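# Chain and residue survey
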Amino acid sequence: MTQPTLPRPHQLLLALSLALSQSASLAATAAAEPIAVPGLAKPAQIQVDRWGVPHLYAASSEDLFFLQGFNAARDRLFQIDLWRRRGLGKLASIFGANFVEQDRAARLFLYRGDMAREWRSYGPEAQRIATRFAAGVNAYIDLIAKDTSLLPLEFGYFGYLPEKWQAEDVVRIRSHGLTRNLSSEVSRATMACVSDLKHDPVRARLSPPWEAQMPPGLDPCLPPELLRSYLLGTQGVQISGRDERRSALETPEPPEALLAAEQHSQRSEGSNAWAIAPARSSTGRAILASDPHRAHGAPSLRYIVHLNAPGLNVIGGGEPALPGVSIGHNGQVAFGLTIFGTDQEDLYVYETNPARPNEYRYKGAWEPMKRLTETIAVRGGAPVQVELLFTRHGPLLYADTAKQRAYALRAAWAEPGMAPYFGSIDYMKAQSFGDFRRAMEKWGAPSENQIYADAAGNIGWVAGGLAPVRPNWDGLLPVPGDGRYEWKGFWAGKDMPSIYNPEAGWLASANEQNLPAGYPYKERKLGFEWAVTARYQRLAEVLKSQPKMSLEDTMRLQTDLLSIPARRLQAVLKSASLQSAPAKEAARLLQDWDAVENGSSAAAALYELWFTRHLGPALKDALLPPRAAQLLRTADAEVMLDTLEQPEPALGANGRARRDEILDKSLAGAWAELQKLAGSDPAAWRWDKLHHILFAHPLANAADATTRARLNVGPLPRQGGSHTVNVSSYDPANFRQIGGASFRVVIDVGDWDNSRAMNTPGQSGDPASPHYRDLAPLWLKGEYFPLLYTRAKVDAATERRIELVPGK
């Protein structure tokens, strides 16, 4: 690719950036005199504490959300600008023609409905809040126009400028949220195509117990290109550079295989959250803990902020591109979240008209698709016109004209009121469980478990999320789009399960199947795909065993490294008959281990290598016919453990002997591989010599080596695994951590200044900031910092003050 010709302003920015000068600090500017900001009604303050947390003080809520947008741009401008461009499908305008296809895909998933209805869905203040937030972002961009030294490194280095926001950008973008279960539907259909539907539980066990049924008339053999637009439109920005020149910006090839990406690497998405009632707390107050698990990167996905104005005083974590706080407290109520497994997506398969391919059969007649033509700006090239097609159910993902078939997605998250996490602007103001429950009844996406605690000592759990009513199918497989399979509205928010003040004195969620006993799951069919139960089992084990939990106990539990699957496998090995010397050596090392995945542990290194690269694949091969086995990298962890504990009849009449043979060969293989990777002496093996993390910046691979080192954080040694409470999901090919808890909070409900938090690698998104990577060393050690709330405590810990006044 030839070097793009940059507009003159970009050439100036590029020259500035290539000198790699440190960007000027807004705080230094503010130290001389207050900053005049047009759009602000009254003076306001940003106080940044020593851990990089901004505490925002404004005279009104109008000014407060303006200030939140301004501050988000001050600290995370590159990140939120990229979030907006990726979501709106505008990457090619800054990165070139290789991004046109991704831009087109992203535009398929924008909200295109009635905006008045959209705003009403979040409550009467939603549009005003988003408008003021966007105005604050724009005010900071205007400030940069006056002082280009404030521009973050990335803009100058890659030669572009941030764009102004509109309020609608906050809610129209839907593709950044966590979605399910389109990829799994396709995977399940593929299993039925190459083998038999009965084999699919080896890939993903269903819970509560359920048997998927193939819809009559559906051909389960789907085209290989089907998921391409969906994956492109919902993935993050991935940039590579072959020779470290900016002219080499390119997108990696997206996955072509039908099976979803999570089948080929351990899933990184998940969360832990729990609440402890005063009777079970050493403080005599409730305690709430929350640590959402997402993909790691630099900057961190989440951002901690404190919002303070008359009538609102809330602190916690959220996504920097959105107003409000989604995990934290408001001085009366604390709230944390995990993902709840509602199925919010369906794939529709259509017969198309051979004479007019953009028509599909619906209820016996040909119905035209809706066609939109949009123009994508391309850096260094001419604009490109793209066509977007929609059926009555949603965006067209793929059309197979040779077979006269088309495929479209219907997603609950395309409905009004479904902008991911934006609904937190309502529940963050709740003053009671009743308030909170009512706010969650309107919650859209992503589907969530919300954990609640308040200063009066109450605790609770509420599941929320828009759940389709599927009267005649379960959502587990694609369905014909001919009119026989239609949603009949959505279940009311009050139909979602909840618990208030449980007798046990605690409650917890770790993405496990948690529908209460007696819940009418067969009627409502909310979802059948959930996380492995190991994290919840460990949480429950500790919470049940300790009569009183302190804040310190809670922080230790958030960073707990004990593996329940490892402990279960130790019991299996105790009863197994192993034959080979290497397998016996491996079993001895594992059985003498405490099942805690410390970085210094040789047994943890062996266990993870065995479980992910040897045992799982071997058991998958034993349970499936060859063609089906080729589809999967490994087996579902729950299926693996249950089969090894009870090998008959899954492994046949002679299941125990066959199981022992699998254990023997896989252990010996893992032992031999670890010797190659870590040396022949087991005493020198360490898990953290293999397992590591790199907080990768999305543009780092296209930068020169010096700049790449400034953008990335790491690599750093890691510990834990995919099934420990302290989740450390990794790519089995290279042991690099891909997901886990970058943000953690432990809230002392009532003594708010005693709360603790963490956000790695740092609070700031500016590589020049001291808070870009300063929290990573604390995070590696499982440590926290104080989440200060009262003005006196904030004042005492403030290291930077930014005074803002109304401007003209």
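Structural notes, computed from the coordinates. Computed from a prediction, not measured in an experiment: that's the story for all the values here. (Residues numbered from 1 in each chain as written. Predicted model: local features only at pLDDT ≥ 70, side-chain atom pairs only at ≥ 80, totals over all residues. Heavy atoms only, no water.)

## Digging into the overall build of the protein
Broken down by element type, the protein carries 25 helices and 29 strands. Its C-alpha atoms give the protein a radius of gyration of 26 Å, near enough to 28 Å, the size a compact globule of 808 residues would have. Principal-axis analysis of the C-alpha atoms gives the protein an extent of 85 × 70 × 55 Å. Counting all 808 residues of the protein, 63% fall into the buried class. Long-range contacts, defined here as pairs at least 24 residues apart, represent 73% of the contacts in the protein between residues at least 6 apart. Carbon and sulfur atoms make up 51% of the accessible area of the protein, which totals about 29100 Å². Separation between the mean location of the 89 positive side-chain charges and that of the 87 negative ones in the protein comes to 2 Å. (Helix = DSSP H or I, 4+ residues; strand = E, 2+ residues; numbered from the N terminus. Rg over C-alpha atoms; globule rule 2.2 N^0.38 Å. Buried < 20%, exposed > 50% of the residue type's maximum accessible area, 1.4 Å probe, protein only. Contact = heavy atoms within 4.5 Å. Areas by Shrake-Rupley, 256 points an atom, 1.4 Å probe, with all protein chains shown as cover. Lys, Arg positive; Asp, Glu negative; His and termini not counted. Charge placed at Lys NZ, Arg CZ, Asp CG, Glu CD.)

## Description of unusual backbone geometry
Cis geometry marks the peptide bond from Ala 298 to Pro 299; its omega dihedral reads 0 degrees. Relative to the helices and strands, Pro 299 is located in the loop between β5 (287–295) and β6 (303–309). A positive phi angle, close to 70 degrees, is found at Asn 511, a residue other than glycine. For Asn 511, the location among the structural elements is in the loop between β21 (506–509) and α14 (521–524). The phi dihedral of Lys 525 is positive, around 45 degrees, even though this residue is not glycine. Looking at where Lys 525 falls in the secondary structure, it is placed in the loop between α14 and α15 (534–545). Judged by its relative accessible area of 10%, Lys 525 is buried.

## What to know about the layout of surface pockets
What the second largest pocket holds in volume is close to 550 Å³. Lining the second largest pocket are 24 residues, with Phe 390, Arg 392, His 393, Gly 394 and Ala 414 sitting closest to its centre. By residue number, the principal contributor to the lining of the second largest pocket is strand β16 (residues 405–411), which donates three residues. For the lining of the second largest pocket, the per-class residue count stands at twelve nonpolar, four polar and eight charged. (1 Å grid on protein atoms, 1.4 Å probe; cavity = no way out; pocket = protein on both sides within 12 Å on 5 of 7 lines; lining within 4 Å. Points joined across faces, edges and corners; volume = space filled by probe spheres on them. Nonpolar A, V, L, I, M, F, W, Y, C, P; charged D, E, K, R; others polar.)

## Overview of the sheet that holds strand β10 (residues 345–351)
In spatial order, the strands read β15-β16-β10-β19; together these four strands make up an open sheet with mixed pairing. Looking at the sheet topology across the chains shown, the edges are occupied by β15 (396–400) and β19 (479–480). Against the sheet, helix α10 (residues 182–194) makes contact with β10, β15 and β16, and its axis sits at roughly 55 degrees relative to β10, the strand it touches most. (Pairing = 2+ DSSP bridges. Axes fitted to C-alpha atoms, helices over the stretch in contact; angles between N-to-C directions.)

## Let's talk about the nonpolar core
Of all hydrophobic cores here, the largest spans 160 residues; its most connected members are Phe 95, Trp 165, Phe 422, Phe 436 and Leu 804. Ranked by residue count, the leading element in this core is helix α3 (residues 61–88), at 13 residues. Core analysis: the second largest hydrophobic core is formed by 57 residues, Ala 576, Ala 635, Ala 637 and Tyr 730 among them. (Core = buried A, V, L, I, M, F, W, Y, C linked by side-chain atoms within 4.5 Å.)

## Focus on the packing of aromatic side chains
To describe a pair of aromatic rings, one takes the distance between the centres and the angle between the planes. Inspection of every chain in the model, using the stated rule, returns 34 aromatic pairs. Here Tyr 427 and Trp 443 contribute two aromatic rings whose centre-to-centre distance is 5.5 Å and whose plane-to-plane angle is 45 degrees, an arrangement assigned as tilted. Here Tyr 427 is found in helix α12 (residues 424–427), whereas its partner Trp 443 is found in the loop between α13 (433–441) and β17 (448–454), with 16 residues between them in sequence. Of the residues examined, Tyr 427 reaches a relative accessible area of 0% and is grouped as buried. Ring geometry for Trp 593 and Tyr 607: centres 5.6 Å apart, planes at 45 degrees, overall tilted. Residue Trp 593 is located in the loop between α18 (581–591) and α19 (602–623), and its partner Tyr 607 is located in helix α19; the two are separated by 14 residues in the primary sequence. (Phe/Tyr/Trp six-rings, centres within 6.5 Å; stacked < 30°, edge-to-face > 60°.)

## Some words on the sheet that holds strand β7 (residues 312–318)
If you walk across this open sheet you meet the eleven strands as β1-β29-β2-β3-β6-β7-β8-β9-β17-β18-β20, and the pairing is mixed. Each having just a single partner strand, β1 (35–38) and β20 (498–500) make up the two edges of the open sheet. Taking each pair of neighbouring strands and ignoring which way they run, the sheet shows an average axis angle of 20 degrees. Where α13 meets the sheet, it contacts β9 (333–339), β17, β18 (459–464) and β20, and its direction lies at approximately 10 degrees from that of β18.

## Some points on helix α22 (residues 655–678)
Compared with the 34 Å implied by 1.5 Å per residue over 24 residues, the 34 Å span of α22 between its first and last C-alpha is a close match. All buried positions along α22 are accounted for by Gly 655, Arg 659, Asp 660, Ile 662, Leu 663, Asp 664, Ser 666, Leu 667, Ala 670, Trp 671, Glu 673 and Leu 674. Structurally, α22 contributes buried residues whose contacts are with α17 (564–575), α18, α19 and α21 (637–645). In the stretch just after α22, Gly 679 is the one whose phi turns positive, near 105 degrees. (Expected span 1.5 Å × (residues − 1).)

## A look at the pairing of strand β4 (residues 270–276)
The buried fraction of β4 amounts to seven of the seven residues, a majority that puts the element mostly inside the structure. The side-chain alternation of β4 yields two buried faces, one formed by Gly 270, Asn 272, Trp 274 and Ile 276 and the other by Ser 271, Ala 273 and Ala 275. Relative to β5, β4 runs antiparallel, the two being bridged by seven bridges. From the neighbouring strand, Ala 273 faces β5, where its bridge partner is Ser 290. Sheet analysis places β4 next to β21, joined by four bridges and oriented antiparallel.

## Quick look at α15
Residue pairs three or four apart in sequence face the same way in an α-helix, which turns once every 3.6 residues. Look at α15: 17 Å from first C-alpha to last across twelve residues, which is about the 16 Å you get at 1.5 Å a residue. On its buried face, α15 sits against β4, β5, β21, α16 (551–558) and α17.

## Considerations on the environment of Leu 409
You can see Leu 409 is positioned in strand β16. Residue class for Leu 409 comes out buried when judged on its relative accessible area of 1%. In this structure the C-alpha to C-alpha distance between Leu 409 and Pro 478, which are 69 residues apart in sequence, comes to 9.7 Å. The residues contacting Leu 409, other than those within four sequence positions of it, are Phe 109, Leu 182, Tyr 230, Glu 345, Asp 346, His 393, Gly 394, Pro 395 and Leu 397.

## A few points about the pattern of salt bridges
Taken as a whole and judged by the stated rule, the model has 51 salt bridges. With a shortest N-O distance of 2.5 Å, Arg 228 and Glu 101 are connected by a salt bridge. Of this pair, Arg 228 sits in helix α11 (residues 228–234) while Glu 101 sits in helix α5 (residues 100–108), placing them 127 residues apart in sequence. A residue is classified by how much of its surface remains accessible, and Arg 228, at 18% relative accessible area, is buried. (Salt bridge = Lys/Arg side-chain N within 4 Å of Asp/Glu carboxyl O.)

## Overview of the packing of α18 against α22
Across the interface, α18 lies against α22 with an axial gap of 8 Å and an inter-helix angle of 80 degrees. Taken together, the axes of α18 and α22 lie roughly perpendicular to each other. Taken together, the residues of α22 that come into contact with α18 (itself represented by Pro 582, Ala 583, Glu 585, Ala 586, Ala 587, Leu 589 and Leu 590) are Asp 664, Leu 667, Ala 668 and Trp 671. Residue composition of the contact of α18 with α22, grouped by class: nine nonpolar, no polar and two charged. (Parallel < 35°, antiparallel > 145°, perpendicular 65-115°, else oblique.)

## Remarks on the packing of α3 against helix α7 (residues 126–146)
For any two helices packed against each other, one specifies the inter-axial angle together with the distance between the axes. Direction vectors running N to C along α3 and α7 enclose 50 degrees, while the axes themselves pass 7 Å from each other. As far as their axial angle goes, α7 and α3 are oblique. Helix-helix and strand crossings are classified by hand; for α3 and α7 the assignment is right-handed. Classifying every residue of the contact of α3 with α7 gives 16 nonpolar, four polar and five charged. (Left-handed = near helix turned anticlockwise from the far one by under 90°.)

Nothing here speaks to function; it is all geometry.
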